Each structure stands twice: as C-alpha cells, then as structure tokens.
Amino acid sequence: MCELFGINSEENIQINDYLKEFFSHSHAHPHGWGMACMNGHTVQVEKEPMQASKSNYLKERLSVPVQVKNAFAHIRYATIGNVEYRNCHPYTKKDKSGRWWTLIHNGTIFDYAPLNKYVSIQSGDTDSERILLYLVELVDQEERRLQRPLDAKDRFWLLDSVIAKMAEGNKLNLMLYDGEFFYVHTNYQDSLYELEKENQFLFSTSPLSQEAWHPVTFTTLLAYQNGKRVLTGTNHGNEYKDSEENMKFLYSIFSNL
C-alpha cells in the first residue's frame, strides 16, 4: 500500500517537518517517492524511483524551506507497474482548456472497463495514471458536448458521479488538483486522515504529528479551496474491503515486478 500526503492552504506555509515525517515511512514503501507543489495552474513535480530515505536529492531538497499553498507527496509500494520513474507519482495531465491536473493515488483498480483503453497510450504501467487520463478525457468530452468550459462546480459534480462508479469493488484513495479545487476521496477504512487548522487542511495516510488528526469523511468526494472545504459530494457507500481473491490478484502481479 502506498502512502499519500497533501495540503491545501489559504497562505503559503512551510511543510518541511510534515514532509520529513511522511518520507520517513519509506522503509515500508521503497519503490519510489514524489512531490508536487501547485500554485494555481503552475505545477512543479519532483520524483525518483527509489526509497525516499535513501535519496540524496530529497535530503537536500528538504534542507531548505518548502513553502506552499497546495502540495502532494507520495511514497510508493508497487502493486501494478514496475519500479521506474514513469510509474512514480504524482501524475500530471493538461486538458483541452489548458488546465493542469495533478493526481496521487493509493489503491488498486481491480475491474473498471473504461480504463482499459489507456493501457496502450499511457507513458507508464500504473492504474493510477490511467485514472488521471480517464478523468481528464471525461472533462474534455463534457466541455465539447456543452461547447463551453466547465466551471469548478461543474467539474466537481462530474467527478463525483464518476468516482462513485469507479469506487465499486476498487480501492480508491486519491487526491487530485485542477488549479482551483483540491479533491480528496477515500473508500478504505482508517487509511486517510485530515488535520484542520486555521485556513489550512492537511491530509495523510496516517497522522504525522501529535495534533488532532481525524479520519477523512468516508466514501464521499470532497473539494477544498484556500484551506476550507467548499463542496461535499454524494455518499456513494462503495467501501473497499480486502478479499482473498483480490489479495491473490495483487500477489500474482507483484511477483512479476
């Protein structure tokens, strides 16, 4: 299982301590690390296909202040996709309107047919990259149908509908950013927490400090902006639970990495 970290804030804040604690978990997630700093439609991505705690680059990067309004971080435990740069998160994709989307994902898509066509066009091998390609293409299709750009609320409700369907039978913890909204979703119990501070929300697979972290609202797409929750989607109820069949599927894939 991978781990996720994210922050949405009204003002720039320094997050080095949280990042250092987060990346210290990489001994159990040794197959890559990544970080994205987002400012509006500008995204800076840094990642390596190696254990974060062994990365000299990351050590140097965190020796200077990392001050952000929006950021993602990811440490990878490979299930689908080899240990390569192209399979490290975060992923980015520009839509037809020029908007950059950024995604990190913790989970596995066991069965969701609409993703299959992206296997032949994605740059890497992961189901996570396919999720991003699919979501961006849906936004593009809807804008063509309406013959106008989607506003932030339009995009949210489109994603709300799609993610509810995708979550059925699949493990779908993700964070997504489109330049305006910071989206969060979890459907696996006790695997994503949030810390609310003044005009700030932080998210992590597990609490990163002694502060008052709480489980993220379950089986529901959430949207944040400027450190506040601005939209709450439909509670779709599609909780993911481990099964013997799914564990065998993961083992068979991982044994071939």
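See above for the structure.
Residues numbered from 1 in each chain as written. Predicted model: local features only at pLDDT ≥ 70, side-chain atom pairs only at ≥ 80, totals over all residues. Heavy atoms only, no water.

Caption draft 1: Structural detail: the nonpolar core. Core analysis: the largest hydrophobic core is formed by 32 residues, its most contacted members being Ile131, Tyr134, Met166, Leu176 and Tyr183. Among the elements of the structure, strand S6 (100–108), helix H3 (127–146), helix H4 (152–166) and strand S7 (171–177) are those that each provide at least two residues to this core. Residue contributions to this core peak at eight residues, all from H3. In this structure isoleucine 131 touches Leu103, His105, Ile109, Leu115, Met166, Leu172 and Leu174, once residues within four positions along its chain are discounted. Ranked by size, the runner-up nonpolar core spans 24 residues in total, among them Leu19, Phe22, Met35 and Ala73. (Core = buried A, V, L, I, M, F, W, Y, C linked by side-chain atoms within 4.5 Å. Buried < 20%, exposed > 50% of the residue type's maximum accessible area, 1.4 Å probe, protein only. Helix = DSSP H or I, 4+ residues; strand = E, 2+ residues; numbered from the N terminus. Contact = heavy atoms within 4.5 Å.)

Caption draft 2: How the structure looks around the sheet that holds strand S10 (residues 200–204). Taken in spatial order, the seven strands of this open sheet run S3-S2-S4-S1-S10-S9-S11, and their pairing is antiparallel. Sheet topology places strand S3 (42–48) and strand S11 (214–215) at the edges, where each strand pairs with a single neighbour. Bridge count for strand S2 (residues 33–39) against strand S4 (residues 67–75) is six bridges, and the pairing is antiparallel. If you follow cysteine 37 over to S4, its bridge partner there is alanine 71. Helix H1 (residues 16–23) rests against strand S1 (3–14), S2, S4, strand S9 (193–197) and S10 of the sheet, and its axis sits at about 0 degrees to S4. (Pairing = 2+ DSSP bridges. Axes fitted to C-alpha atoms, helices over the stretch in contact; angles between N-to-C directions.)

Caption draft 3: Molecular detail of the environment of alanine 212. Looking at where alanine 212 falls in the secondary structure, it is placed in the loop between S10 and S11. On the accessibility criterion, alanine 212 (49% relative accessible area) is partly exposed. With 16 residues separating them in the primary sequence, alanine 212 and glutamate 196 have C-alpha atoms 8.0 Å apart. With residues near it in sequence (within four places) discarded, alanine 212 still touches Glu194 and Leu195.

Caption draft 4: Focus on the pairing of S6. For S6, the tally of buried residues reaches eight of nine residues, placing the bulk of the element in the interior. Inspection of the sheet shows strand S5 (residues 91–94) paired to S6 by four bridges, in the antiparallel sense. Across the sheet, residue lysine 94 finds its bridge partner in S6, namely tryptophan 100. Counting the residues in the hairpin turn of S5 and S6 gives five residues, including glycine 98, whose phi is positive at 90 degrees. The sheet contact formed by S6 and S7 spans seven bridges and is antiparallel. For asparagine 106, the partnering residue across the bridge sits in S7 and is asparagine 173.

Caption draft 5: Layout of the environment of asparagine 87. Checked against the element boundaries, asparagine 87 lands in the loop between S4 and S5. By relative accessible area, asparagine 87 is classed as buried at 0%. Remark: the alpha-carbon pair of asparagine 87 and glycine 124, spanning 37 residues in sequence, is separated by 5.4 Å. The contact partners of asparagine 87, leaving out residues within four places of it in the chain, are Arg76, Gly81, Asn82, Gly124, Asp125 and Thr126.

Caption draft 6: Seen up close, the pattern of salt bridges. Under the counting rule described, the total for this entry stands at 11 salt bridges. Across the pair arginine 86 and glutamate 84 runs a salt bridge, and its minimum N-O distance is 3.0 Å. For arginine 86, a relative accessible area of 35% translates into the label partly exposed. Exposure remark for glutamate 84: the relative accessible area of 26% places this residue in the partly exposed category. Its salt-bridge partner being glutamate 211, residue lysine 197 comes within 3.0 Å of it at the nearest N-O pair. With lysine 197 in strand S9 and glutamate 211 in the loop between S10 and S11, this pair connects stretches of sequence that are 14 residues apart. For glutamate 211, a relative accessible area of 33% corresponds to the partly exposed category. A single salt-bridge network, built from bridges that share partners, covers Glu84, Arg86 and Asp125. (Salt bridge = Lys/Arg side-chain N within 4 Å of Asp/Glu carboxyl O.)

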